[in-house]
Amino acid sequence: MKSVACTSPGQLEIREVPRPQRGETEVRVRIRRVGICGTDFHIFEGKHPFLAYPRVMGHELAAEVVETGPDSAFAVGEHVIINPYLSCGQCRACRTGKPNCCKAIAVLGVHRDGGMCEELCLPEINLVPSEGLSLDACATVEFLAIGAHAVRRGAIGTEDRVLVAGAGPIGLGVAIFARLAGAEVSILDLDADRLSEACAIADGCQPIQAGDGAEAEVIRLTGGEGFDAVFDATGNLASIEAGFARVAHGGRYILVSVVNETLSFADPEFHKREMSLIGSRNATSEDFRTVIAAHKAGKIPLDRIITHRTDFDGVSEDLPRWTRNKAGLIKAMITLD
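To start, this report covers the structure provided alongside it. (Residues numbered from 1 in each chain as written. Predicted model: local features only at pLDDT ≥ 70, side-chain atom pairs only at ≥ 80, totals over all residues. Heavy atoms only, no water.)

### Re the overall build of the chain
Here is step 1: Of regular secondary structure, the chain possesses 12 helices and 18 strands.
Here is step 2: Computed over C-alpha atoms, the radius of gyration of the chain comes to 20 Å, within 12% of the 20 Å expected from 2.2 N^0.38 for 337 residues, which places it in the range of a compact globule.
Here is step 3: Summarising its shape, the C-alpha atoms of the chain cover approximately 60 × 40 × 40 Å along the three principal directions.
Here is step 4: Within the chain, the fraction of its 337 residues that count as buried is 53%.
Here is step 5: Contacts in the chain between residues far apart in sequence, at least 24 positions, make up 67% of those at least 6 positions apart.
Here is step 6: Counting every atom, the chain has about 15100 Å² of accessible surface; 48% of that belongs to carbon and sulfur.
Here is step 7: Across the chain, the centroid of the 35 positively charged side chains sits 3 Å from that of the 45 negatively charged ones. (Helix = DSSP H or I, 4+ residues; strand = E, 2+ residues; numbered from the N terminus. Rg over C-alpha atoms; globule rule 2.2 N^0.38 Å. Buried < 20%, exposed > 50% of the residue type's maximum accessible area, 1.4 Å probe, protein only. Contact = heavy atoms within 4.5 Å. Areas by Shrake-Rupley, 256 points an atom, 1.4 Å probe, with all protein chains shown as cover. Lys, Arg positive; Asp, Glu negative; His and termini not counted. Charge placed at Lys NZ, Arg CZ, Asp CG, Glu CD.)

See below:
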């Protein structure tokens, strides 16, 4: 079968590789859609801190079942969403219902080869029924579930004023589900065009242009009190550290993005607010179900989220080009038909 491997930073190669062998408890699927994530761009650029090359990328996946075991709950030909978080099932996190932060987690396309290929064999537990969603919608569930999980971790409700720092796909997912939870939402970003589009997609959000006037706008929007919940989805150390000052007294700070650096903050400022500092990692089955329900209810403007498309033959040229120029890019999708 064909696969696309990132052989080293800046290098993609279309390879012919053997089809995977299906294990006893696994299901063989044919990959039909692959969403290109910021992680994939980082891998291509050589900026991912925990990755060994070569690597087949791809973890935002829609697939079709092609082979199952005799007692499978899935049928051949059925469309499925792939949960790319392969957990051990035995560690403390897994035993307490948090496989998203499993001690030994292996994420497809990061810790092991992912979905930029024609077929995968996966544990049946990592397949999620599509419930009639289109293949395009199925391939957006995972990244939106990260936002839904963060909103659930932040316990967002109708009385909350929320700030989302970062208007990329993950920040957009946070904003969408914070709005669906009934919160008043503002989005902060440096890119004016991306900020405007994110506020339009996550209907009703207030834009804050990052830069010299940002703090004055935070004061104006909150009457100087700050936000009840601040989410950082920038992956930028300076942005994360600046976010502490934007949290209201008694508020929550939810870190969705991760940096490979040490964070610093003023303990008196943290303590006087009695601030809750919350990490949010990946997503759970509950969050996948939340996103599926939102898609079925028509709450996700898919036509505005998927902005770029390519296919298996074009990805080796298109992904490097989009890495260099992300103008107008929200979500790029690879189609395998």
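### A look at the pairing of strand S11 (residues 161-165)
Here is step 1: A large share of S11 lies buried, amounting to 5 of its 5 residues.
Here is step 2: Along S11, one buried face is formed by Arg161, Leu163 and Ala165 and the opposite face, lined by Val162 and Val164, is buried too.
Here is step 3: Bridging between S11 and strand S12 (residues 184-189) involves 5 bridges; their strand directions are parallel. From the neighbouring strand, valine 162 faces S12, where its bridge partner is valine 185.
Here is step 4: The handedness of the S11 to S12 crossover, carried by helix H5 (residues 169-180), is right-handed. (Pairing = 2+ DSSP bridges. Right-handed = clockwise from strand over helix to strand, strands pointing away.)

### Things to note about H5
Here is step 1: With 12 residues, H5 ought to run about 16 Å at 1.5 Å a step, and its terminal C-alpha atoms sit 16 Å apart, in line with that.
Here is step 2: For H5, the set of buried residues is Gly171, Leu172, Gly173, Val174, Ala175, Ile176, Phe177 and Ala178.
Here is step 3: Once H5 finishes, glycine 182 follows within two positions and takes phi at roughly 95°, a positive value. (Expected span 1.5 Å × (residues − 1).)

### Considering the packing of aromatic side chains
Here is step 1: Considering all chains together, one arrives at 3 aromatic pairs under this definition.
Here is step 2: Consider the rings of phenylalanine 244 and tyrosine 253, whose centres lie 4.9 Å apart with planes at 85°: the pair is edge-to-face. Of the two residues examined, phenylalanine 244 and tyrosine 253, each falls in the buried class.
Here is step 3: Between phenylalanine 244 and phenylalanine 265 the ring centres are 4.6 Å apart and the planes differ by 20°, which places this aromatic pair in the stacked class. Linking phenylalanine 244 in the loop between helix H8 (237-243) and strand S15 (247-255) with phenylalanine 265 in the loop between S15 and helix H9 (267-272), this pair joins segments that are 21 residues apart in sequence.
Here is step 4: An aromatic cluster of three or more residues is present, and its members are Phe244, Tyr253, Phe265 and Phe270.
Here is step 5: One Lys or Arg, lysine 326, reaches over the ring of phenylalanine 41 and ends 4.6 Å from the middle of that ring.
Here is step 6: Seen from the ring of phenylalanine 143, lysine 331 lies directly overhead, with NZ or CZ sitting 4.5 Å from the centre. (Phe/Tyr/Trp six-rings, centres within 6.5 Å; stacked < 30°, edge-to-face > 60°. Lys NZ or Arg CZ within 6 Å of the ring centre and 35° of its normal.)

### Here we look at the pairing of S12
Here is step 1: For S12, the tally of buried residues reaches 5 of 6 residues, placing the bulk of the element in the interior.
Here is step 2: Here 4 bridges tie S12 to strand S13 (residues 206-209), and the two strands are oriented parallel to one another. When the sheet's bridge partners are listed, aspartate 189 is paired in S13 with glutamine 209.
Here is step 3: After leaving S12, the chain enters helix H6 (residues 192-201) and then returns to the sheet as S13, a path that is right-handed.

### Some details on the nonpolar core
Here is step 1: Formed by 97 residues in total, the largest nonpolar core has its most connected members in Val29 and Phe231.
Here is step 2: The element best represented in this core is helix H4 (residues 141-153), accounting for 8 residues.
Here is step 3: The residues contacting phenylalanine 231, other than those within four sequence positions of it, are Ala150, Val151, Ile156, Val162, Leu163, Val164, Ala165, Val174, Ile254 and Val256.
Here is step 4: Grouped together as the second largest cluster of nonpolar side chains are 17 residues, Leu163, Val230, Ile240 and Tyr253 included. (Core = buried A, V, L, I, M, F, W, Y, C linked by side-chain atoms within 4.5 Å.)

### Here we look at the sheet that holds strand S4 (residues 55-56)
Sheets are built from strands paired through backbone hydrogen bonds, the pairs being either parallel or antiparallel.
Here is step 1: Taken together, 3 strands build an open sheet; the order of strands is S2-S1-S4 and the sheet is antiparallel. Strands with a single pairing partner mark the edges of an open sheet, and in this sheet they are strand S2 (11-16) and S4.
Here is step 2: Both strand S1 (residues 2-8) and S4 contribute to a ladder of 2 bridges, which runs antiparallel. Residue pairing in the sheet places alanine 5 in a bridge with valine 56 of S4.
Here is step 3: In the packing of helix H12 (residues 315-324) onto the sheet, contacts are made with S1 and S2, and the angle to S2 comes to roughly 160°. (Axes fitted to C-alpha atoms, helices over the stretch in contact; angles between N-to-C directions.)

### Some points on the sheet that holds S13
Here is step 1: Read from one edge to the other, the open sheet built from 6 strands follows the order S13-S12-S11-S14-S15-S16, with strand pairing classed as parallel. Here the strands that pair on one side only, and so sit at the sheet edges, are S13 and strand S16 (276-279). Adjacent strand axes in the sheet meet at a mean angle of 20° when their direction is disregarded.
Here is step 2: Across 4 bridges, the pairing between S11 and strand S14 (residues 227-232) is parallel. Across the sheet, valine 162 pairs through a bridge with alanine 229, a residue of S14.
Here is step 3: The sheet contacts of helix H7 (residues 214-222) involve S11, S12, S13 and S14, and relative to S13 the element is tilted by about 150°.

### With respect to the pattern of salt bridges
Here is step 1: According to the stated counting rule, one finds 27 salt bridges in the structure shown.
Here is step 2: In this structure, glutamate 131 engages lysine 296 in a salt bridge whose closest nitrogen and oxygen atoms are separated by 3.0 Å. Here glutamate 131 is found in the loop between strand S10 (127-129) and helix H3 (135-138), whereas its partner lysine 296 is found in helix H10 (residues 285-296), with 165 residues between them in sequence.
Here is step 3: A relative accessible area of 44% places glutamate 131 in the partly exposed class.
Here is step 4: The salt bridge involving glutamate 217 is made with arginine 220; its shortest N-O contact spans 2.7 Å. In this pair, glutamate 217 and arginine 220 both sit in helix H7, 3 residues apart, roughly one turn of the helix.
Here is step 5: The exposed category is assigned to arginine 220, whose relative accessible area is 55%.
Here is step 6: Here the salt bridges do not stand alone but share partners, grouping Arg30, Arg32, Arg33, Glu64, Asp136, Arg309 and Asp337 into one network. (Salt bridge = Lys/Arg side-chain N within 4 Å of Asp/Glu carboxyl O.)

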